[in-house]
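Listed below are the residues making up each chain.
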Amino acid sequence: MKVLAILEHNAGRLHRMSWECLAAVQQLASEAEAALVGSSIAELAREAAAKQAARVWAVEHPLLENYTADGYTAALEQLLRKTTPDLVLLPHTYQTRDFAPKLATRFGRALISDAIAAGPESGSVTFVRQFFQGKLSGDVRAAGPGPHFASLQAGAWRTDALAAGSATIERFAPQLDAAQIRQTPEAPFREAERAVDLTAAELIVSVGRGIGEKDRIPVVEDLAKALGAELAASRPICDAGWLPMERQVGSSGQTVSPKLYLAVGISGAIQHLVGMKGSKTIVAINKDANAPIFEVADYGIVGDLFEVVPALAAEIRKVKS
Amino acid sequence: MKILVAIKQVPVRDSPLRVNAAGNWIAEDDLSFEINEPDAYALEEALQLKEKHSGEVIAICAGPARAQQTIREALAKGADRAIHIETGNLAAFDTLGIAKLLAAEAGSESPDLILTGLQSDDLGYGQTGVVLAELMGLPHSTIIMQVEVKGSAIRVKRELEDGWFQHISMPLPAVLTIQSGINKLRYATLMGIKKAKTKEIRRVSAAAPAEPTVRIEKIYAPQKAKQAQIFSGDPKTAAAALVEKLKFEARVL
Ligand SMILES: Cc1cc2nc3c(=O)[nH]c(=O)nc-3n(C[C@H](O)[C@H](O)[C@H](O)COP(=O)(O)OP(=O)(O)OC[C@H]3O[C@@H](n4cnc5c(N)ncnc54)[C@H](O)[C@@H]3O)c2cc1C
């Protein structure tokens, strides 16, 4: 099977997930290829070509300097028509979310997005992905002739298996016209500087939507105080303004890896997990025994947080005094 | 401006989920349903844009007969009318198939703007809006946190990873996929609920599904990466057992 990885890069560096994607391609392909899109990407192409693959395509055009969905789709469509891979893999990033469904549509295909594993059957294009925000898994199969398209979840493929090599670099110059590109992007920016640096915290107590209402946040705050921990939250809590944005953990918030991460009333959606999976010890308190957070937890209590959290705060105070 | 909002009905959050007899989806018989969360934010954004710039908000939904309740709720919140593409067999369509159903109806409305949620809470493919844009030949942007209308164009704030954002401009008509939390959701008023009963829902039956290019073969409980030690008993006993482990096994206290 000929498999092509589309590698993402920002600010002159290959995205961490691009390497995971290349590792998946090496695992699945009999003929592995990679492609990079941009305006002056020779150096990045050389970096990618130091891994085992038949070919690295440097898709270059001045109009590809900044990412746009229209530009990337037009350029990659031309590349895929030329190289005719059976399967195209992409890292499931925000950028991939923005253009990959459009690219797949050009080939009359639906993208298998956010895949967590390949298989189980070999000889067909089948991937495992999550449904219901991680509460269920499913095998999804692509039918009919290629190219098929799949994007891969952060952390699902390991990069330690990535084999070194020396791939041939080929330049590909797509035909593009400025009028085709309808989006005009401005420079990326950050909102205000972060006043709270959760990345330095050794102990974190994090609260999710299980808390139900703003007025009950002090229940969890008290546990944080007993532990001497920083208070963090899942996104809905910050979206609602119950805690400030700078306390959000996850793909659109901070990535933390404390000694202890105690998740209270958090279901464990992947966008939250990517921000805290690296914690040394993970504790979950949730009333749903099947909540995905228990899949990454070391310890857990299944129960109503309004009963468990005060009891836990009391026990902690007891051993600390 | 004429704004079309694509909404989907999904099981109520925190529903207990069971796999169906065929093993390829969930058993839906005893579940309750509600609007997909990001779609609720898309609807709210459309209503706020209408309040600012005047015009019309049309909800469009592909789904079985039960989806009518969710459509009514959208009308009660302030959508002016709705299109219900009825199919008893949503699962026979892949994302491309669903987007084709929506595109066929959306096209004849010639909206200025199409909004939808960035992904659904059940399937979570996160593609419908983008595919719809491609099928209709419209520009799009995704994961949107702010929308400014500037004459015949829009400038949007797109969320990037790790707390970064970016502004992007594009001409109208366009398609945007909206991120949860972009605005504050309103509740339907009693007046709104009453009015909704008189608002038009145009029902069309869905075209027959084409052979899907992607199909769910099997659904099952996820495999656990780690086996968590779960402490049970009354809260005090469980808490004491946990603290013991945190102190002597994990050594974090
Ligand atoms: C592009 C994108 C980016 C995102 N970025 C982030 C991000 O950075 N961070 C983030 O967190 N999310 C992010 N999300 C959202 C994410 O997908 C989830 O929606 C979110 O993490 C859910 O938050 P939650 O677990 O608090 O809420 P829910 O999923 O609603 O879970 C609440 C949990 O509380 C439990 N519960 C309820 N009541 C009780 C009780 N009394 N006692 C004990 N347990 C109880 C329930 O069983 C449930 O498991 C992002 C989503 C997208 C699409």
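What you see as residue numbers is a count from 1 along each chain, following the sequence as written. Here every chain gets a letter starting at A, and every ligand a number starting at 1, in the order they are written. Local features in a predicted model are, by the rule used here, given only for residues with pLDDT of at least 70; side-chain atom pairs are given and counted only at 80 or more, and totals for whole chains, interfaces and linings are based on all residues. Hydrogens are left out, water is left out, and the side-chain values use all remaining heavy atoms of the structure.

Participant: So what's going on with unusual backbone geometry? Which residues, and what values?
Facilitator: With an omega of 0°, the peptide bond between Gly146(A) and Pro147(A) qualifies as cis. Pro173(B) follows Leu172(B) through a cis peptide bond whose omega is -5°. In this text, helices come from DSSP runs of H or I with a minimum length of four residues, and strands from runs of E with a minimum of two, each type numbered from the N-terminal end. Along the polypeptide, Pro173(B) turns up in the loop between β9 (164-171) and β10 (174-178). If you check the backbone angles, Phe132(A) has positive phi at about 50° while not being a glycine. Here Phe132(A) lies in the loop between β8 (125-131) and β9 (136-142). The rule is simple: take the accessible area with a 1.4 Å probe, protein chains only, and divide by the maximum for that residue type; under 20% is buried, over 50% is exposed, in between is partly exposed. Taking the relative accessible area as the measure of exposure, Phe132(A) reaches 6% and is therefore buried. The phi dihedral of Ser54(B) is positive, around 60°, even though this residue is not glycine. Along the chain, Ser54(B) turns up in the loop between α1 (37-53) and β4 (56-63).

Participant: Describe the sheet that holds strand β12 (residues 214-220) of chain B, listing the residues and the values that go with them.
Facilitator: Only strands joined by at least two bridges in the DSSP assignment are considered to pair. An order of β11(A)-β5(A)-β4(A)-β1(A)-β6(A)-β10(A)-β7(A)-β8(A)-β9(A)-β12(B) is seen for the 10 strands of this open sheet, with the pairing classed as mixed. Here the strands that pair on one side only, and so sit at the sheet edges, are β11 (168-172) of chain A together with β12 of chain B. Sheet twist, expressed as the mean angle between neighbouring strand axes with direction ignored, is 35°. Pairing of strand β5 (residues 55-60) of chain A with β11(A), which is carried by five bridges, proceeds in the parallel orientation. Residue pairing across strands places Ala58(A) opposite Arg171(A), the latter belonging to β11(A). Only the stretch in contact is used when fitting a helix axis, every axis being a line fitted to C-alpha atoms; angles between N-to-C directions are given from 0 to 180 degrees.

Participant: So what's going on with the interface of chain B and chain A? Which residues, and what values?
Facilitator: Between chain B and chain A, the contact holds 84 residues from the first and 78 residues from the second. Between chain B and chain A, the buried area comes to about 7,200 Å², and carbon and sulfur atoms account for 55% of it. A 1.4 Å probe defines the accessible area here, and the buried area is the portion of it lost by two parts on being joined, summed over both. Among the residues of chain B in contact with chain A, Glu134(B), Glu161(B) and Lys226(B) are the three that bury the most area, contributing 9% of the side total. When a carboxyl oxygen of Asp or Glu lies within 4 Å of a side-chain nitrogen of Lys or Arg, that pair is called a salt bridge. The tally of links from chain B across to chain A stands at nine salt bridges. Note that Lys102(A) is salt-bridged to Glu134(B), the shortest N-O span being 2.8 Å. A 3.5 Å cut-off defines polar contacts: any pair of N or O atoms within that distance qualifies, except that in protein one atom must be a possible hydrogen donor and the other a possible acceptor, and neighbouring residues in sequence count only when both atoms are side-chain atoms. Taken together, the links from chain B to chain A amount to 37 residue pairs in polar contact (both at pLDDT 80 or more). Elements supplying a minimum of two residues to the side of chain B that touches chain A: α3 (95-109), α4 (128-136), β7 (140-150), β8 (153-159), β9, β12, β13 (229-231) and α6 (235-248) of chain B. No other element matches α6(B), which puts 10 residues into the side of chain B that touches chain A. For this classification, the nonpolar set comprises Ala, Val, Leu, Ile, Met, Phe, Trp, Tyr, Cys and Pro, the charged set comprises Asp, Glu, Lys and Arg, and every other residue, Gly included, is treated as polar. For the side of chain B that touches chain A, the residue count by class is 43 nonpolar, 20 polar and 21 charged. Bridge analysis of β9(A) against β12(B) gives six bridges, and the strand direction is antiparallel. Note on contacts: a residue pair is in contact if any heavy atoms of the two residues lie within 4.5 Å.

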